[in-house]
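Now for the letters of each chain:
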Amino acid sequence: MDDEVGRVVAVERQLQRSLGAWVGVSTVGGAAAIAVGRSRKDPLLRAFGLQTLLWAAADAGVLAASTRGNTPPAGRLRALLIANAAADVAYVGIGSALAARPDRVPQRLRGLGRQERRRTSDAAVRGHGLAVVVQGLALLVIDSTAAARLRPPRP
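Rules and cut-offs
- Residues numbered from 1 in each chain as written.
- Predicted model: local features only at pLDDT ≥ 70, side-chain atom pairs only at ≥ 80, totals over all residues.
- Heavy atoms only, no water.
- Helix = DSSP H or I, 4+ residues; strand = E, 2+ residues; numbered from the N terminus.
- Contact = heavy atoms within 4.5 Å.
- Areas by Shrake-Rupley, 256 points an atom, 1.4 Å probe, with all protein chains shown as cover.
- Lys, Arg positive; Asp, Glu negative; His and termini not counted.
- Charge placed at Lys NZ, Arg CZ, Asp CG, Glu CD.
- Phe/Tyr/Trp six-rings, centres within 6.5 Å; stacked < 30°, edge-to-face > 60°.
- Buried < 20%, exposed > 50% of the residue type's maximum accessible area, 1.4 Å probe, protein only.
- Expected span 1.5 Å × (residues − 1).
- Axes fitted to C-alpha atoms, helices over the stretch in contact; angles between N-to-C directions.
- Parallel < 35°, antiparallel > 145°, perpendicular 65-115°, else oblique.
- Left-handed = near helix turned anticlockwise from the far one by under 90°.
- Nonpolar A, V, L, I, M, F, W, Y, C, P; charged D, E, K, R; others polar.

## What to know about the overall build of the chain
Then, in step 1: Helices and strands together make up the secondary structure of the chain, namely four helices and two strands.
Then, in step 2: Ordered by position from the N terminus, the helices and strands of the chain form the series α-α-α-β-β-α.
Then, in step 3: With the C-alpha coordinates of the chain rotated into their principal frame, the extents come out at 60 × 30 × 25 Å.
Then, in step 4: Taking as baseline every contact in the chain between residues at least 6 positions apart, the subset at least 24 positions apart corresponds to 76%.
Then, in step 5: Of the roughly 9,600 Å² of accessible surface on the chain, 60% is carried by carbon and sulfur atoms.
Then, in step 6: A distance of 8 Å separates the average location of the 22 positive side-chain charges in the chain from that of its 11 negative side-chain charges.

Given below as structure tokens:
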């Protein structure tokens, strides 16, 4: 049983390192995309950067929560990672749809709160969608790699 706990701890630590690295890449990349997008007045880059920074914040929250508490059993962690991988695939699909067909996003979803004077442009919707695709793909690699390392050993 100690071997299994050690294996789970090793996978959990690698998962935390991978997610931490991705948070760093997303933070720097998102900030850079916003800066370049502002200087070029490019709504796609600004939206890509903003969406990337939002994902970095969410991932940082997940990372912080993962460092608190006990190490879960291998089966439970693997099931969680598989569920996360399924969600990652959904993120890629949704992001792809937004990037490919921003014109299909209803206008009522493009307003900013009660003041609907500013509408999100098609270029900005495309930028948000592309960022969701990138995040979904990266998280799919992170989650599925960790889940594969937790496969039960063959008899």
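Back to the write-up after that little detour.
## Focus: the packing of aromatic side chains
Geometrically, a pair of aromatic rings is defined through the distance of the ring centres and the angle of the planes.
Then, in step 1: According to the stated counting rule, one finds one aromatic pair in the structure shown.
Then, in step 2: Aromatic pair Trp 55 and Tyr 91: ring centres 5.0 Å apart, planes at 75 degrees, arrangement edge-to-face. Residue Trp 55 is found in helix 2 (residues 43-66), and its partner Tyr 91 is found in helix 3 (residues 74-100); the two are separated by 36 residues along the sequence.
Then, in step 3: The class of Trp 55 is buried, set by a relative accessible area of 14%.
Then, in step 4: Classification of Tyr 91 by relative accessible area gives partly exposed; the value is 30%.

## Let's talk about helix 3
Then, in step 1: Look at helix 3: 39 Å from first C-alpha to last across 27 residues, which is about the 39 Å you get at 1.5 Å a residue.
Then, in step 2: Among the residues of helix 3, those classed as buried are Ala 74, Leu 77, Leu 81, Ala 85, Asp 88, Val 92, Gly 95 and Ala 99.
Then, in step 3: Where helix 3 is buried, its residues contact helix 1 (2-40) and helix 4 (122-149).

## Structural notes on the packing of helix 3 against helix 4
Then, in step 1: Interaxial distance between helix 3 and helix 4 falls to 7 Å at its minimum, and their mutual angle equals 160 degrees. Taken together, the axes of helix 3 and helix 4 lie roughly antiparallel to each other. At the point where helix 3 passes helix 4, the crossing takes the left-handed sense.
Then, in step 2: By residue class, the composition of the contact of helix 3 with helix 4 is 18 nonpolar, five polar and four charged.

## Let's talk about the packing of helix 1 against helix 4
Then, in step 1: Relative to each other, helix 1 and helix 4 sit at 170 degrees, their axes nearing to 9 Å. Overall, the two elements helix 1 and helix 4 adopt an arrangement that is roughly antiparallel. Viewed along their axes, helix 1 and helix 4 form a crossing whose handedness is right-handed. When helix 1 is examined against helix 4, the residues Arg 7, Ala 10, Val 11, Gln 14, Leu 15, Ser 18, Leu 19, Trp 22 and Ser 26 are found in contact with a partner set consisting of Val 134, Gln 135, Ala 138, Leu 139, Ile 142, Asp 143, Ala 146 and Arg 149.
Then, in step 2: Split by residue class, the contact of helix 1 with helix 4 holds 10 nonpolar, four polar and three charged.

## Some details on the environment of Arg 154
Then, in step 1: Looking at the secondary structure, you find Arg 154 in the segment after helix 4.
Then, in step 2: Considered as a pair, Arg 154 and Ser 39 are 115 residues apart in the sequence and their alpha carbons are 55 Å apart.

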